[in-house]
Amino acid sequence: MATKTEKLSSFNWEGTDKKGNKTKGAMSGSNVALVKAQLRKQGINPTKVKKQGLSLSGAGKKKITPFDIAIFTRQLATMMKAGVPLIQSFDIVADGLENPSLRELVLEIKNDVAAGNNFAGALRKHPRHFDALFCNLVDAGEKSGALETMLDRVANYLEKTETLKKKVKKAMSYPIAVVVVALIVTTILLVKVVPQFQDLFQGFGAELPAFTQFVVGISEWMQEYWLIAIITIVAFIYLVKQAKIRSEAFRDWLDRFVLKLPIVGDIIDKSAIARFARVLSTTFSAGVPLVDALESVAGATGNIVYKTAVLKVRDDVSSGTQLQFSMKSTGVFPSMAIQMVAIGEESGALDTMLDKVASYFEEEVDNLVDNMTSLMEPIIMSVLGVLVGGLIVAMYLPIFQMGSVV
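Residues numbered from 1 in each chain as written. Predicted model: local features only at pLDDT ≥ 70, side-chain atom pairs only at ≥ 80, totals over all residues. Heavy atoms only, no water.

(A) Examining the overall build of the protein chain more closely. Along the protein chain, the regular secondary structure elements total 15 helices and three strands. Its C-alpha radius of gyration of 29 Å places the protein chain more than 25% over the 22 Å reference for a compact globule of 406 residues. Projected onto its principal axes, the C-alpha positions of the protein chain cover 100 × 60 × 35 Å. The 406 residues of the protein chain split such that 40% are buried. (Helix = DSSP H or I, 4+ residues; strand = E, 2+ residues; numbered from the N terminus. Rg over C-alpha atoms; globule rule 2.2 N^0.38 Å. Buried < 20%, exposed > 50% of the residue type's maximum accessible area, 1.4 Å probe, protein only.)

In structure tokens form, the structure reads like this:
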């Protein structure tokens, strides 16, 4: 057995099963002998075991994204709903995957399941790719004998969640990218173009306009301190990222701050409500008790304000309060969501109503992103026009004044 200090590597293997059928896959281990021994325990006679030289952490390989996990879950759910056994479903899905890292991950899970472990237990060995919510839902599906149905629900949840994340990222990345380009263009003009005009202005022998002097002053500062400015910006970004990782208080402050931003705050707010409703609908429909479901929901909202609110709702519900009243007492959930939850509780169709709430707010986020994109385009063009146009005017203003004097 590998010790804790031994580095696990990935091995590709080929062999035959108990029936003499050829099979192949991937397995992690510290050396070839241990991999062969493990394969024999699973009833496989290995004929070839080749070390790939890379650990299953994914170093040097294509990264496994949450969207890859969603694709894997959807394909596995489709196979099982078609009546294909779980082990064979793993092989079929793995053969069709384009990401080698994901293929190895799927085959390793298959080997764990084939060795006698349950599916949820095999998934829990890979917390980087399968969170507690995913594993708990699969575990509930296995215990209830409806794994294919549960996988279908999990796939729906992952697909909608990743689509929502992409929309939010799109709303955040577009203006940031354009502003960065604008700053780069402005910096190039100040460092490379303005000095050419500055040499020309020195021969005028007259006082430059105030606006031109202001731009020339910025240009001189940029020429002298541009390296310091870049280092400062990079250091600031690095420190903010480290603060988000290391400081819970800073993360909480940032979560509260973004909710107060115009437009962007509204998008973050509605996306948090959509995630709350989507996760609660998925877990509750899977037969998870409401209090336990709310525990899972709290961490999935993606914002400390809603996490705190959901934990308060969980405490209220555990003491006997109805979900609608506990949501209303937090003061963060919109009345529309509360009313839909109330209807769901009264009609006994809470999961259905929560699904409708999630769909409604996901559509709201989609509309807000589209509106923001269309609104930002003219604003950004105006800002670019002012920056570039202002620099051009500042440079030609002395020439225009000389022309009027002549």
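Still to come is the rest of the account.
(B) Geometry of the pattern of salt bridges. A full pass over the atoms with the stated rule returns 11 salt bridges. Here Arg74 and Glu159 are joined by a salt bridge, their closest N and O atoms 2.9 Å apart. Within this pair, whereas Arg74 is found in helix α2 (residues 66-81), its partner Glu159 is found in helix α7 (residues 147-201), the two being separated by 85 residues in sequence. The exposure class assigned to Arg74 is partly exposed, which follows from its relative accessible area of 21%. The shortest N-O distance in the salt bridge between Arg278 and Glu362 comes to 3.0 Å. You can see Arg278 sitting in helix α10 (residues 264-285) and its partner Glu362 sitting in helix α15 (residues 350-405), a full 84 residues away along the chain. Pair check on accessibility: Arg278 and Glu362 agree, each one buried. Here the salt bridges share partners, and the residues they tie into one network are Arg74, Lys81, Asp152 and Glu159. (Salt bridge = Lys/Arg side-chain N within 4 Å of Asp/Glu carboxyl O.)

(C) Looking closely at the environment of Arg124. In this fold, Arg124 is placed in helix α5 (residues 119-124). Overall, the relative accessible area of 40% leaves Arg124 in the partly exposed class. Note: C-alpha distance between Arg124 and Ala77 (47 residues apart in sequence) is 19 Å. Sequence-distant contacts of Arg124, defined by excluding residues within four places in its chain, comprise Cys135, Asn136 and Asp139. (Contact = heavy atoms within 4.5 Å.)

(D) Focus on the packing of helix α12 (residues 304-318) against helix α13 (residues 323-330). Two numbers describe how α12 lies on α13: the axes approach to 9 Å, and their chain directions differ by 140°. On the basis of the axis angle, α12 is oblique to α13. In this structure, the crossing between α12 and α13 has a hand that is right-handed. Touching Ala309, Lys312, Val313, Asp316 and Val317 of α12 are Leu323, Ser326, Met327, Ser329 and Thr330, all from α13. Partitioning the contact of α12 with α13 into residue classes produces five nonpolar, three polar and two charged. (Axes fitted to C-alpha atoms, helices over the stretch in contact; angles between N-to-C directions. Parallel < 35°, antiparallel > 145°, perpendicular 65-115°, else oblique. Left-handed = near helix turned anticlockwise from the far one by under 90°. Nonpolar A, V, L, I, M, F, W, Y, C, P; charged D, E, K, R; others polar.)

(E) Representation of the environment of Arg103 in the model. In this structure, Arg103 sits in helix α4 (residues 100-114). Along the sequence, Arg103 and Ile188 sit 85 residues apart, while their C-alpha atoms lie 46 Å from each other. Leave out the neighbours within four places in its chain, and Arg103 touches Ala94, Leu97 and Glu98. Reaching out from Arg103, the side chain makes a polar contact with the backbone oxygen of Ala94 at a distance of 3.3 Å. (Polar contact = N/O pair within 3.5 Å; in protein donor to acceptor, adjacent residues only side chain to side chain.)

(F) Geometry of the environment of Gly116. Along the chain, Gly116 falls in the loop between α4 and α5. Given a relative accessible area of 63%, Gly116 falls into the exposed group. Between the C-alpha atoms of Gly116 and Asn12, which are 104 residues apart in sequence, the distance is 21 Å.

(G) Just α4, in detail. If you check α4, its first and last C-alpha atoms are 21 Å apart, about what 15 residues at 1.5 Å a residue would give, namely 21 Å. Within α4, 12 of the 15 residues are buried, which leaves it mostly tucked inside the rest of the structure. Buried within α4 are the following residues: Ser101, Leu102, Glu104, Leu105, Val106, Leu107, Glu108, Ile109, Lys110, Asn111, Asp112 and Val113. Between the side-chain oxygen at the start of α4 and the backbone nitrogen of Ser101 there is a gap of 3.0 Å, and the oxygen is on Asn99. Positive phi shows up at Gly116, right after α4, with a value of about 115°. (Expected span 1.5 Å × (residues − 1).)

(H) Looking closely at the side chain of Ser281. With respect to the helices, strands and loops of the structure, Ser281 is situated in helix α10. Ignoring sequence-local partners within four residues, the contact set of Ser281 consists of Asp351, Leu354 and Asp355.

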